[in-house]
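Spelled out from the first residue to the last, the chains are:
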Amino acid sequence: MKADEIKDAALKFFTIHGYEGASLSQIAEEVGMKKQSLYAHFKGKDDLFLQVLRDAKEAERASKLEYMSGFDKHQPERDLYGFLRLVIDLFQKNEQLKFWLRTSFFPPAHLADAIGQEVVDIETEIQGVLERKFKDWIDTKAIYGESAKTPTLAFLGIVDSIMLSLVYDNDEQRLEEKLEACWTVFWRGISHP
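Structural notes, computed from the coordinates. Not measured: the values here are computed from a predicted model.

### Remarks on the overall build of the chain
Inference 1: A tally of regular secondary structure across the chain gives 9 helices and 0 strands.
Inference 2: Secondary structure elements in the chain, listed N-terminal to C-terminal, are α-α-α-α-α-α-α-α-α.
Inference 3: Overall, the C-alpha framework of the chain stretches about 65 × 30 × 25 Å when taken along its three principal axes.
Inference 4: The proportion of buried residues among the 193 residues of the chain is 41%.
Inference 5: Across the chain, every contact between residues at least 6 apart in sequence was considered, and the portion connecting residues at least 24 apart equals 68%.
Inference 6: Just so you have it, the chain exposes about 10400 Å², and 50% of that area is on carbon and sulfur atoms.

Next up, the structure:
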């Protein structure tokens, strides 16, 4: 239980101050313990940071997979647009996922490879699930296409664009305009032969 409290405090400080600005002393103080006591739960700052990161990754993974489990074979427009809205909501409202998003774009240099692998792992899994869904929609003629890979990658390009806006731009109107423009062109491309 104490490890979870430590990770919660670490999430707060890593999100606010980044890896470099957060100190183990601050984190320990937040949970009412001495810095040395943290080492009973974590090997050090890197270990704590990566465990907080993996928890955030799992939160993103679980949210997306849960949403996609409800995809309907005959309602791709509703399901895909809803997925884009889910991405916006997740990364705007959930502190754990804000941390994940920022860290995936700005990893501490010495942890960049490990974090990059975590990002690739989740992206590969989500792409696989989406590709199977696009294949189902093509097979049921709910959308048009010859290969599920092309619309999957195009859709993920929209997701990437949204995530980039969430990291670099606080203008919600511009985000909405970008979402609507990308969505309109994308949907027109897969819904008409």
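Structure's up, so let's keep going.
### What to know about helix α9 (residues 172-191)
Inference 1: Between its first and last C-alpha, α9 extends 27 Å over 20 residues, near the 28 Å set by a 1.5 Å rise per residue.
Inference 2: Residue Asp-171 occupies the N-cap position of α9, its side-chain oxygen lying 3.0 Å from the main-chain nitrogen of Gln-173.

### Topic: the pattern of salt bridges
Inference 1: Tallied over the entire structure, the rule returns 18 salt bridges.
Inference 2: With a closest N to O distance of 2.7 Å, Arg-54 and Glu-118 form a salt bridge. In this pair, Arg-54 sits in helix α4 (residues 45-69) while Glu-118 sits in helix α7 (residues 112-139), placing the two residues 64 residues apart along the sequence.
Inference 3: By relative accessible area, Glu-118 is classed as buried at 10%.
Inference 4: A salt bridge links Glu-180 to Arg-85; the nearest nitrogen and oxygen atoms lie 3.6 Å apart.

### Comments concerning the side chain of Thr-152
Inference 1: By secondary structure assignment, the location of Thr-152 is in helix α8 (residues 149-168).
Inference 2: From its side chain, Thr-152 meets the backbone oxygen of Ala-148 in a polar contact 2.6 Å long.
Inference 3: Thr-152 has contacts with Gln-127, Leu-130, Glu-131 and Phe-134, leaving out every residue within four places of it along the chain.

### Description of the packing of aromatic side chains
Inference 1: Overall, the coordinates contain 19 aromatic pairs when judged by the stated rule.
Inference 2: Ring geometry for Phe-49 versus Phe-99: centroids 5.4 Å apart, planes at 75°, classification edge-to-face. You can see Phe-49 sitting in helix α4 and its partner Phe-99 sitting in helix α6 (residues 95-105), a full 50 residues away along the chain.
Inference 3: Since its relative accessible area comes to 2%, Phe-99 is described here as buried.
Inference 4: Measuring from centroid to centroid gives 5.7 Å for Trp-183 and Trp-187, while their planes differ by 15°, and the two rings are stacked.

### Focus on the environment of Ser-23
Inference 1: For Ser-23, the location among the structural elements is in the loop between α1 (2-21) and α2 (24-30).
Inference 2: We classify Ser-23 as partly exposed; its relative accessible area is 26%.
Inference 3: The spatial distance from the C-alpha of Ser-23 to the C-alpha of Lys-35 is 9.4 Å, given a sequence separation of 12 residues.

### Thoughts on the packing of α1 against α6
Inference 1: Running from amino to carboxyl end, α1 crosses α6 at an angle of 50°, the nearest separation of the two axes being 10 Å. Our classification of the angle between α1 and α6 gives oblique. Pair α1 / α6 crosses with left-handed handedness. Residues Leu-11, Phe-14 and Thr-15 of α1 touch α6, and the partners they reach there are Glu-95, Gln-96, Phe-99 and Arg-102.

### Digging into the environment of Tyr-168
Inference 1: Tracing the backbone shows Tyr-168 in helix α8.
Inference 2: Placed 66 residues apart in sequence, Tyr-168 and Arg-102 show a C-alpha to C-alpha distance of 9.6 Å.
Inference 3: Ignoring sequence-local partners within four residues, the contact set of Tyr-168 consists of Phe-105 and Phe-106.

Rules used in this analysis
Residues numbered from 1 in each chain as written. Predicted model: local features only at pLDDT ≥ 70, side-chain atom pairs only at ≥ 80, totals over all residues. Heavy atoms only, no water. Helix = DSSP H or I, 4+ residues; strand = E, 2+ residues; numbered from the N terminus. Buried < 20%, exposed > 50% of the residue type's maximum accessible area, 1.4 Å probe, protein only. Contact = heavy atoms within 4.5 Å. Areas by Shrake-Rupley, 256 points an atom, 1.4 Å probe, with all protein chains shown as cover. Expected span 1.5 Å × (residues − 1). Polar contact = N/O pair within 3.5 Å; in protein donor to acceptor, adjacent residues only side chain to side chain. Salt bridge = Lys/Arg side-chain N within 4 Å of Asp/Glu carboxyl O. Phe/Tyr/Trp six-rings, centres within 6.5 Å; stacked < 30°, edge-to-face > 60°. Axes fitted to C-alpha atoms, helices over the stretch in contact; angles between N-to-C directions. Parallel < 35°, antiparallel > 145°, perpendicular 65-115°, else oblique. Left-handed = near helix turned anticlockwise from the far one by under 90°.

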